Amino acid sequence: MASDWGSRVDRGGRVAAEGATIVGDHPSGARAAGERSPLSLASALAGGLSGVVVVVALALVFGLTSPYFLTPDNAFNILRQMSVIGVVGIGATLVILIGGIDLSVGSVALLTGGFTGTLILNYGVNPWLAIVAGLAAAAFVGLVNGTLVELLQISPVIVTLGTLIVVRGIGQAILWLNNSWVYVEDPLFAYIAAERWFFLPVSAALMFILYLIVSMVMTQTSFGRAVYAIGNNQRAAVLCGLPVNRVKVLVYMLGGLFAGIGGLLVAARTGVVNPTAGLGLEFQVITAVVLGGTSLRDGIGRVEKTLVGTAILAMVLNYLTIRGVPDTWQTSVTGLMILAAVVLDRLLRRTREG
Amino acid sequence: MHGKTRVASNQSLTVPPALEMRGISKRFPGVVALDRVDFSVRGGEIHSLIGQNGAGKSTLMNILSGVYPPDEGQILIDGKAVTIGHPREALRRGIGTVYQELSLLPNLSVADNIFLGREAGNGFVIDERVIVDRARAVLDLLGETAIDVTARARNLPLAQQQIVEIAKVLSHEPRILILDEPTAPLAAEETRRLFAILHELKTRGLAIIFISHRFQEIVAHCDRGTILRNGRLVLTLPLAGVTEEELAERMIGQQVEGCYRTEDQTRPDSAEVLLEVNGLSVGDRVHDVSFALRRGEIIGVTGLLGAGQNELARALFGIAPKAAGTIRRRGREVRIGSPAEAIDQGICLLTEHRKQEGLFPDLSVKENMTLPSLGVFRRGGVFLDNGRERDAVRRFIDALHIVVRSAGSRVRTLSGGNQQKVILARWLMRDLEVLIFIEPTRGIDVGAKAEIYGDLVRLAGEGKGIIVVSTELPEILGLSDRILVMHGGRLARVVEREAATEEGLLATIQGGHADGV
Amino acid sequence: MRREAGDGRWRSRGGEARYVAGTLLADYGLLLMFGVLVAIFTIINPGFLTVANVQSLLEQNAALAIVAVGTTFAIISRNIDLSPGSLIALSGVALALVFTATGNIVLGLLAGLAVAILVELCNALLIVGVGIDPLIVTLAAWIWVRGLAVSLTDASSVVVRSPFIDFMNSFELLGISPPIVLIGVAYLAGWFLLNKTRLGRYTYALGGDERATRQAGVNTAFYKILMFLMFGVFVWLGTIVTVSRLGAAAPDAAYGLELDAIVAVIIGGNPFHGGEGSLRRTAVGVLFIAVLNNGLSTLGMRDASFYAFKGMAILLALLFDVLSRQLLRGATAPARGQAV
Ligand SMILES: Nc1ncnc2c1ncn2[C@@H]1O[C@H](COP(=O)(O)OP(=O)(O)OP(=O)(O)O)[C@@H](O)[C@H]1O
Ligand SMILES: [Mg+2]
């Protein structure tokens, strides 16, 4: 009873009057509905705030318990760890905003890294051209996902689970051409791994730039509006004359594209593509998106928030490593940390919203 | 009957009212929805709660039915103070609510919906047969023998869903019955039957709270009324002898302008034909309908619920499956297979399903309004011009008197009528040539209705063609240059404005063919 | 008036007819695919359709079949649960550790049950009490529960040697072994709960519209928690068959089981968005996945190609399902997002 009452209060406008009944069938999981549209700046600031509080709190706790945690060196490490999940998370957020899900990102990362690496290594293709080819392959997987989901109306969980398996198979087959390991020693990749832009590792700088661009697109263009509209009420979007199918397929393609970029960043950082590259990436990415506060159901959320989720995730993983937590305990602690972060975020929102 | 009422009112002098709400306040972020409102209802009366869109009616009722806690104030039932923390508690205390938005579960059967939460059986195992029998009995009591209690709720037309909703609440045998705009989706016949039931319940001593924007119903059937304005109590008054006009004036605080178009605005027959429909059929719902819409003309389409008028309108927007026939736009034959194509042809449609087909509940008023018109607000081909967009939205918020804190508020937080205005504004803003509206003023208060009628007339004057599909006869009669009456999917009769009378229309609507034809 | 009423009734029956046809295809379209699959495997491998192989097929997939019952509830009510695979591992570890410490199998079994129920209770409280999305709660559980299983055993299996395990593995009557009986029990219990009790009714209601359900006076929090606890019991049954089969509790047991269960539920024709569905469909989906797993492995396929084939077979089945349904509706099928 008490808990029931609690959830009623925290959902604020959601349980609500007729006003709230509009699409009232997305109850518990959804974030407390503020008064503002998810696109508005105010809601971005308010939502971002609790996220930033969590990040700062985590940083303080970790910093106090481990002196190494807050050193610049480690900060760079965290940023580098963030960049892959962060970049892939951009596409994943868009896909989740339109009410879909993409489980194939890990396999796409493998495919892109393997394909690009093989083109450079075995066929001496110009690295830029090879990158374009790799990303095209990634976007093509997204196209397949989107087409199957849209035209045939198969649940995206199933479709992308299928492509997860099939694409990993193809990626590994490509790797077998090179005895299972592709070493990416091209200067371009070495540059990304070693250099810094504005005091940031190149990969992290790239990530920030991509976030800036995509968040502009999402708030300032009709494409962004269409994405939110489709996620919030697809039928109404159709009746507004939006090209719903096209937008959704495009979003899946973007999901593939960003997964591909993530795959290239992994290849650059580690200098190698092996058959396990990107394994489990989809779960990390979805965790980051949801930690950021994007709802899995009603198209509410913002791309930038995924950055906060990514930061939390990367900090937790990093902390566990530098504390030397034994490998066997790391997984369970990660899971619990993620939960703690979500609960903290949730409680912060609740107090702020009264 | 007469004696009974007198006894009831005598009692009210000695016995506390069945329900009393004292000093109720409720604030939402940035909005004071209710400000120290007092409200009381006696057993054996139908009490109307009256107010403009956003006045706080639904909020007050939601507090009573346990959806929200009040910020301040007290609720007394039979003179005893109670707290109602959950809808379950409200039901236990005998408060039954028909919410403004339908709340049936689409995949459950009618019977299961009616007894949701009180399934027959031992408390865990369900006895389905008993449920079906009881549901049948409840609906029979309401005189609804046509509804199959084992059918899934989603397969029923809107009006029948509303009846089931009412049956569901009545089956709780409440002592206090709240009806939040129950008649909005009902046509004349269903409404009449609903009131017959309410009068019957009233004689059994129920306290009935009735919300509606149709003043005709209120003055005809309600005993007392409580008027809210901007979340404050204006007054509670007995309704015997009060006219619709007086009520409207009290509610708004000023005189209401005559809202319908006047004779001389009728267009000549020589105006250009904007839209010509020939032999249009939609599956088994619409058969062989032909008509033409001229520039500057308002066509009203009416009929019994389910007579095919909605499908006809949907076919013109490319969303009716199995549509056949030809459609010409300004003389050229066009193919309309999707809303996008229809909009390209300058045709828009507002459907009666505000919740499922209209609103983006979590987006702002601004985003809801401008979505189809974004092309206009683009700057340099890519980015949106926020300033211009916001100005346009503000204009419509003012013009339609949308009660909202800002253009950035989520549509979810608006009152029902204000939500309706937002989607209406969406298409007015898009500025297309052929406007098709199904039940455009459902849930909109009389004052705003008058403004909207005025807008439609003005738009017609500016050369648009408008089709209004409605079951509300005064609306059809007041607005239309020509009236199409549908019956059983066929165009039963076309009535010119001058020849139209309420009685004549009613006869055609019911019977399918009338004296004149 | 009369005519209108009659008309309305007829029309709603017309809608019902199409609905029934759609339902039939959803239910039996996959069965057809299933037949094709069995035929293919039988042609390639004549030993496929023997009693012994069918029996081992069921036993191999007993945990999947049982967990899929709980997953059906989860998907219908839109409270997805990703933790059962990991939870089978953890509850198995608890069973094994307590058994090793006490030598009492009953205590071991109870410990397994307690762990399964406690973890699901914890999931439920976070979802209901704190209001976190079920996907993220159970995703976290998927990670930490597995991690706990690994760390408690130092990543190695714990052998369980007990007459009970022998009984589970060797007892047989007319080709029916204890795991098969447990499958039967799980489906019967699941069917009863889903169709005959409030728990089942509210499972559908929660998936349809949670707010409306609450407004009808249902204690949604209570029934949600109850649903997760019930899932805990199914997971426990899954643990028993998994541990028996291995004769040990392995920390990496049942890896990916939750996804197979979700796929089985969906591929059987239950919509992912919840609000409707049936166990019959789940059963067909489970059979399909089971035959696929078994057939591919008797063909001696491994890892990459195994997964590739499995993925493609699943997609093909769905493709067929969707296409046949669209064919049924004909060329006039309403486009996406339209009201019907
Ligand atoms: N959940 C909410 N969050 C914020 N504001 C709300 C919420 N619910 C209602 N409001 C605001 O409270 C005011 C009163 O709304 P209410 O729904 O009670 O109006 P109403 O009188 O029922 O109007 P209508 O006739 O249009 O149904 C409105 O200004 C509305 O915007
Ligand atoms: Mg209202």
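You'll find the structure just up there.
The model shown is predicted, which means the values in this text are computed figures rather than measured ones.

Draft legend 1. Layout of the packing of aromatic side chains. Enumeration according to the criterion identifies 10 aromatic pairs over all chains in this entry. With 5.1 Å between their ring centres and 85 degrees between their planes, C:Phe222 and C:Tyr223 make a pair best called edge-to-face. What makes C:Tyr223 buried here is its relative accessible area of 11%. Across the ring face of A:Phe76, the terminal group of A:Arg196 is positioned such that the distance to the ring centre comes to 3.6 Å.

Draft legend 2. View of the site of ligand 1. Around ligand 1, a shell composed of 23 residues is seen, among which B:Lys57, B:Ser58, B:Thr59, B:Ser415 and B:Gly417 lie nearest. Around ligand 1 the close residues trace back to chains A and B. Between an oxygen atom of ligand 1 and a side-chain N or O atom of B:Ser58, the distance comes to 2.7 Å. In this structure, an oxygen atom belonging to ligand 1 sits 2.5 Å away from a side-chain N or O atom of B:Thr59. Within the complex, 97% of the 640 Å² of free accessible area of ligand 1 lies under protein. Broken down by secondary-structure element, the contributors of at least two residues to the shell around ligand 1 are strand E2 (31-41), helix H2 (57-64) and helix H15 (416-430) of chain B. Tallied by class, the residues present in the shell around ligand 1 amount to 6 nonpolar, 14 polar and 3 charged.

Draft legend 3. Structural view of the sheet that holds E2(B). Residues and elements named next belong to chain B. Across the sheet, which stays open at both edges, the 4 strands sit in the order E2-E1-E4-E5 with antiparallel pairing between neighbours. Looking at strand neighbours, the two that pair on one side only are E2 and strand E5 (80-82), the edges of this open sheet. Strand-to-strand twist in this sheet, taken as the mean axis angle between neighbours without regard to direction, amounts to 30 degrees. Relative to strand E4 (residues 72-77), strand E1 (residues 19-28) runs antiparallel, the two sharing 5 bridges.

Draft legend 4. Local environment of the pattern of salt bridges. All names here are of chain B. Taken as a whole and judged by the stated rule, the model has 42 salt bridges over all chains. Between Asp 71 and Lys 26 there is a salt bridge, with the nearest N and O atoms lying 3.8 Å from each other. Of the two residues, Asp 71 sits in the loop between H2 and E4 while Lys 26 sits in strand E1, which places them 45 residues apart along the sequence. A residue is classified by how much of its surface remains accessible, and Lys 26, at 8% relative accessible area, is buried.

Draft legend 5. Just the sheet that holds strand E10 (residues 232-238) of chain B, in detail. All names here are of chain B. The mixed open sheet is built from 6 strands, whose spatial order is E6-E7-E8-E3-E9-E10. Across the chains shown, the open sheet's two edge strands, defined by having one partner strand only, are strand E6 (95-98) and E10. Shown here is a sheet whose adjacent strand axes are inclined to one another by a mean of 15 degrees, direction ignored. Where E6 lies against strand E7 (residues 176-180), 4 bridges are found, and the strand directions are parallel. When the bridges of E7 are listed, Thr 97 appears paired with Ile 178. Strands in contact with H2 are strand E3 (45-51), E6, E7, strand E8 (207-211) and strand E9 (224-229); relative to E3, the strand with the most contacts, it is inclined by about 130 degrees. Together, E3, E7 and E8 form the strand contacts of helix H7 (residues 188-203), whose direction differs from that of E8 by roughly 150 degrees.

Draft legend 6. Molecular detail of empty space enclosed by the protein. Considering all chains together, one arrives at 15 cavities of 30 Å³ or more under this definition. Along the wall of the largest cavity there are 14 residues; nearest its centre are B:Leu91, B:Thr97, B:Tyr99, B:Val169 and C:Gln215. Those elements giving two or more residues to the lining of the largest cavity turn out to be helix H3 (87-92), E6 and helix H6 (158-170) of chain B. By residue class, the composition of the lining of the largest cavity is 7 nonpolar, 5 polar and 2 charged. Approximately 100 Å³ is the volume attributed to the second largest cavity. What lines the second largest cavity is simply B:Ala187, B:Ala188, B:Glu189, B:Thr302, B:Gly303, B:Leu304, B:Thr471, B:Leu473, B:Leu506, B:Ile509 and B:Gln510.

Draft legend 7. The arrangement of the pairing of strand E22 (residues 490-496) of chain B in detail. All names here are of chain B. Sheet topology note: the strand E21 (residues 482-487)/E22 ladder contains 6 bridges and is antiparallel. Within E22, the residue paired with Arg 482 across the bridge is Glu 496. The antiparallel hairpin formed by E21 and E22 contains 2 residues in its connecting segment, where Gly 488 sits at a positive phi of about 55 degrees.

Draft legend 8. Up close: helix H13 (residues 281-292) of chain A. Residue and element names in this part refer to chain A. Taking 1.5 Å of rise per residue, the 12 residues of H13 would be expected to cover 16 Å, and the 16 Å separating its terminal C-alpha atoms lies within 8% of that figure. Taken across its 12 residues, H13 has 11 buried, putting it largely inside the fold. For H13, every residue scored as buried is listed here: Leu 281, Glu 282, Phe 283, Val 285, Ile 286, Thr 287, Ala 288, Val 289, Val 290, Leu 291 and Gly 292. Two residues or fewer after H13 comes Gly 293, characterised by a positive phi angle close to 105 degrees.

Draft legend 9. Broad picture of the packing of helix H6 (residues 127-151) of chain A against helix H12 (residues 244-270) of chain A. Residue and element names in this part refer to chain A. The N-to-C vectors of H6 and H12 enclose an angle of 145 degrees; their axes lie 7 Å apart at closest approach. When you trace H6 past H12, the crossing you get is right-handed. Across the interface between the two elements, Ile 131, Leu 135, Ala 138, Ala 139, Gly 142, Leu 143, Asn 145, Gly 146, Thr 147, Val 149 and Glu 150 of H6 pack against Asn 245, Lys 248, Val 249, Tyr 252, Met 253, Gly 256, Leu 257, Gly 260, Ile 261 and Leu 264 of H12. Classifying every residue of the contact of H6 with H12 gives 12 nonpolar, 7 polar and 2 charged.

Draft legend 10. Local environment of the packing of helix H4 (residues 84-102) of chain C against helix H6 (residues 134-153) of chain C. All names here are of chain C. Put simply, H4 and H6 touch, their axes get as near as 8 Å, and they point 30 degrees apart. In this view, H4 runs roughly parallel relative to H6, as classed from their interaxial angle. Here the hand of the crossing between H4 and H6 comes out left-handed. Seen from H4, the contacting residues are Gly 85, Ser 86, Leu 87, Ala 89, Leu 90, Val 93 and Leu 97; seen from H6, they are Ala 141, Trp 142, Val 145, Arg 146, Leu 148, Ala 149, Leu 152 and Thr 153. Residues of the contact of H4 with H6, tallied by class, amount to 11 nonpolar, 3 polar and 1 charged.

Draft legend 11. The arrangement of the pairing of E3(B) in detail. Residues and elements named next belong to chain B. By the criterion of burial, E3 is predominantly enclosed, with 7 of the 7 residues buried. Strand direction decides the pairing type here: E3 and E8, joined by 5 bridges, are parallel. Across the sheet, the residue bridging to Leu 49 is Ile 211, located in E8. Of the pairings in the sheet, the one linking E3 to E9 comprises 5 bridges and is parallel in character. Looking at the pairing, Ser 48 lines up with Gly 225 of E9.

About the criteria used
- Residues numbered from 1 in each chain as written.
- Chains lettered and ligands numbered in written order.
- Predicted model: local features only at pLDDT ≥ 70, side-chain atom pairs only at ≥ 80, totals over all residues.
- Heavy atoms only, no water.
- Phe/Tyr/Trp six-rings, centres within 6.5 Å; stacked < 30°, edge-to-face > 60°.
- Buried < 20%, exposed > 50% of the residue type's maximum accessible area, 1.4 Å probe, protein only.
- Lys NZ or Arg CZ within 6 Å of the ring centre and 35° of its normal.
- Near = heavy atom within 4 Å.
- Polar contact = N/O pair within 3.5 Å; in protein donor to acceptor, adjacent residues only side chain to side chain.
- Areas by Shrake-Rupley, 256 points an atom, 1.4 Å probe, with all protein chains shown as cover.
- Helix = DSSP H or I, 4+ residues; strand = E, 2+ residues; numbered from the N terminus.
- Nonpolar A, V, L, I, M, F, W, Y, C, P; charged D, E, K, R; others polar.
- Pairing = 2+ DSSP bridges.
- Axes fitted to C-alpha atoms, helices over the stretch in contact; angles between N-to-C directions.
- Salt bridge = Lys/Arg side-chain N within 4 Å of Asp/Glu carboxyl O.
- Contact = heavy atoms within 4.5 Å.
- 1 Å grid on protein atoms, 1.4 Å probe; cavity = no way out; pocket = protein on both sides within 12 Å on 5 of 7 lines; lining within 4 Å.
- Points joined across faces, edges and corners; volume = space filled by probe spheres on them.
- Expected span 1.5 Å × (residues − 1).
- Left-handed = near helix turned anticlockwise from the far one by under 90°.
- Parallel < 35°, antiparallel > 145°, perpendicular 65-115°, else oblique.

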